[in-house]
Amino acid sequence: MAKQKKRKDGIMDILRSPYARQFIKKYKWSYLLGMAILIVIDLAQTEVPIIVGEIIDKIEQHTVVERDFTVAVITMAVIALVVLGGRIGWRFCIFGASRKIERDMRNDLFTHINTLPASYFHEHKAGEIMAYMTNDIEAVRMTFAVTIMMGMDAITIGIATLVKMIFEIDLRLSIVALLPMSLMAFVSLFVGREMHRRFTRRQEAFSRVSDFVQEKLNGVKVIKAFVQEEKECAAFEAVNFESRRANIREARVQAFMFPFMHMIAGVSLALSIAYGGYIAILGRISVGDFSAFVQYLNMLVWPIASIGRIINVVTRGSASLKRLETVLHTESDIPDFIPAVKEEPLSGDIRVKGLTFRYPGTDKDVLKDISFTVERGKTLGIVGRTGAGKTTLVNLLLRVEDPQENMIFIGGREIHSVSLATLRSASGYVMQDNFLFSDTISANIAFGDHSKTQEEIEAAAKAACVHDNIVDFTDGYNTMVGERGVSLSGGQKQRISIARALILDPEILILDDAVSAVDTDTEEKILHNLAEIRRGKTNIIIAHRISTLQHADEIIVIDGNTISERGTHDELVAINGMYADLYRRQLLEKMKKEEYKL
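In what follows, the accompanying structure is described. Please read all numbers here as calculations on a predicted model, not as lab measurements. (Residues numbered from 1 in each chain as written. Predicted model: local features only at pLDDT ≥ 70, side-chain atom pairs only at ≥ 80, totals over all residues. Heavy atoms only, no water.)

**Notes on unusual backbone geometry**
Phase 1 of the analysis: The backbone of D369 shows a phi angle near 55°, a positive value even though the residue is not glycine.
Phase 2 of the analysis: On the secondary structure map, D369 appears in strand β2 (residues 367–374).
Phase 3 of the analysis: Residue classification places D369 among the exposed residues on the basis of a relative accessible area of 52%.
Phase 4 of the analysis: The residue N406 is not glycine, and still its phi comes out positive at about 65°.
Phase 5 of the analysis: Position of N406 relative to the elements: it lies in the loop between α14 (390–397) and β4 (408–410).
Phase 6 of the analysis: Judged by its relative accessible area of 45%, N406 falls in the partly exposed class. (Helix = DSSP H or I, 4+ residues; strand = E, 2+ residues; numbered from the N terminus. Buried < 20%, exposed > 50% of the residue type's maximum accessible area, 1.4 Å probe, protein only.)

See the structure below:
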């Protein structure tokens, strides 16, 4: 196992990745141009020590003339200008390409995450996903930028410098100087593996911190209500301590690597001065050659020191790329094989036949043998105790959860033969969790179709009985609702969510306990408006309050994961079963409230 890990970690791991290779191929010309510029300026820089050495030799030999100084200064000035322009050029090409890769990867990841089923987000928290979108993509970008730049720079300067040292100065002096560098190969093998392991743990710790903060900020009202600030701060200290420890463990490896590389460079320089000075005294090399050799050795410090940085960046990038590919290779368990562009719109006829469903990994049916029919233009009411499976039923109708084949038919078509885009475009869904985006009220209402006019937005708000509340705000429809609609009441969020569904005029409207937070008078107005504007369209209303359902064309009662009763309001009251019992209890509660008011 250790050998396999060693073989896969590092730059080869990235180059073997089809996902990474597609970006290299896409931006190859930018990289090739940038690397060509790097090679030119690096080769130009290696000429400087030779020029300086020649001038020193001529000074020592008393053969130097004014023209020698002029030519040397002009030549080095030209080299400096070439290096200046080249450094700007390769940064534009290489770093620019890496930023484009970062953009493309983030787009790919966000697009793919939107295709994943709800079950994925039950197992992977928001903080973990944010770590993918930020730290991991940044680590991969650094690999495509810093590694290529430093690697090409180190290789070019290293080879060019060694050629000059060996062939233009002295072979034996070069061997003496390079002997200590053999230690780097052994150290690099250990550091690469260890950096990969520790960086992965650091990223996991960062995900846990992000998860914790995101969850606690969303629940800050609950924390304050139960006076748990100190307890949560202590819990965060524990999570933050683990993150700190993971960061320090990674930093220890880096703290060793960089000083070690500089130590190797220092040992090489010391040996070179000792041996080089000795052979210079013997006259085997000139003073100018010895000076040039020392300058070349100083130039090698950069390639040597960059090895540690390259190992650090590559191992981070390799670990992050694996994490990203794990997400990108995760496939939705709700397949969608039908191109939506080829489909006709769905009608609102719904037929459910023998629907049975249990969640993966469980051995209990959430729904069992559910059958009903809703003709287009009719309203179906669904009632049942908490946890009876009402929301699950709706999720199956929209394929948020995937039913078995030949159990649900919409518009006369088996649900799996309809693309997800067509199915969900035909449906307006108001969920129990009335999620609003941190945007204006107007943008939230028009979320499903941004082409809607202000008049259409206001018409939808009026139908949902929230227009009067909105215009009372200082900024009206331009009011920012805050994260998750935090600045609005529960009833206002529900009604804005209803308006968001109504503005689309869907074939099928699904209200999942969507008016539970409004008073009965407002509820009655909303239901009256729905009856007017939804003529000829199908409606499914889930509620706990009987008053919400009593005008439905048919009501089904789900109890114990199956349909226990069905019929109209009057028929179900006459049966004197569970529905009638709920109705009497709610009627009694209403009477008590009215007596209390009196």
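Okay, back to it.
**Quick notes on helix α4 (residues 28–45)**
Phase 1 of the analysis: Compared with the 26 Å implied by 1.5 Å per residue over 18 residues, the 26 Å span of α4 between its first and last C-alpha is a close match.
Phase 2 of the analysis: All of the buried residues in α4 are Y31, G34, M35, L38, I41, D42 and A44.
Phase 3 of the analysis: As for α4, its buried residues are in contact with α5 (47–60), α6 (66–113) and α8 (126–169). (Expected span 1.5 Å × (residues − 1). Contact = heavy atoms within 4.5 Å.)

**Some remarks on α14**
Phase 1 of the analysis: Counting buried positions along α14 yields 7 of 8 residues, so the element is predominantly enclosed.
Phase 2 of the analysis: Within the span of α14, buried status applies to K390, T392, L393, V394, N395, L396 and L397.
Phase 3 of the analysis: Just beyond α14, the residue with positive phi is R399, at close to 55°.

**Thoughts on the sheet that holds strand β1 (residues 350–357)**
Phase 1 of the analysis: Overall, antiparallel pairing links the 4 strands, which are arranged β2-β1-β4-β5 in an open sheet. The outermost strands of the open sheet, each flanked by one partner alone, are β2 and β5 (413–414).
Phase 2 of the analysis: Strands in contact with α14 are β1, β2 and β4; relative to β1, the strand with the most contacts, it is inclined by about 120°. (Pairing = 2+ DSSP bridges. Axes fitted to C-alpha atoms, helices over the stretch in contact; angles between N-to-C directions.)

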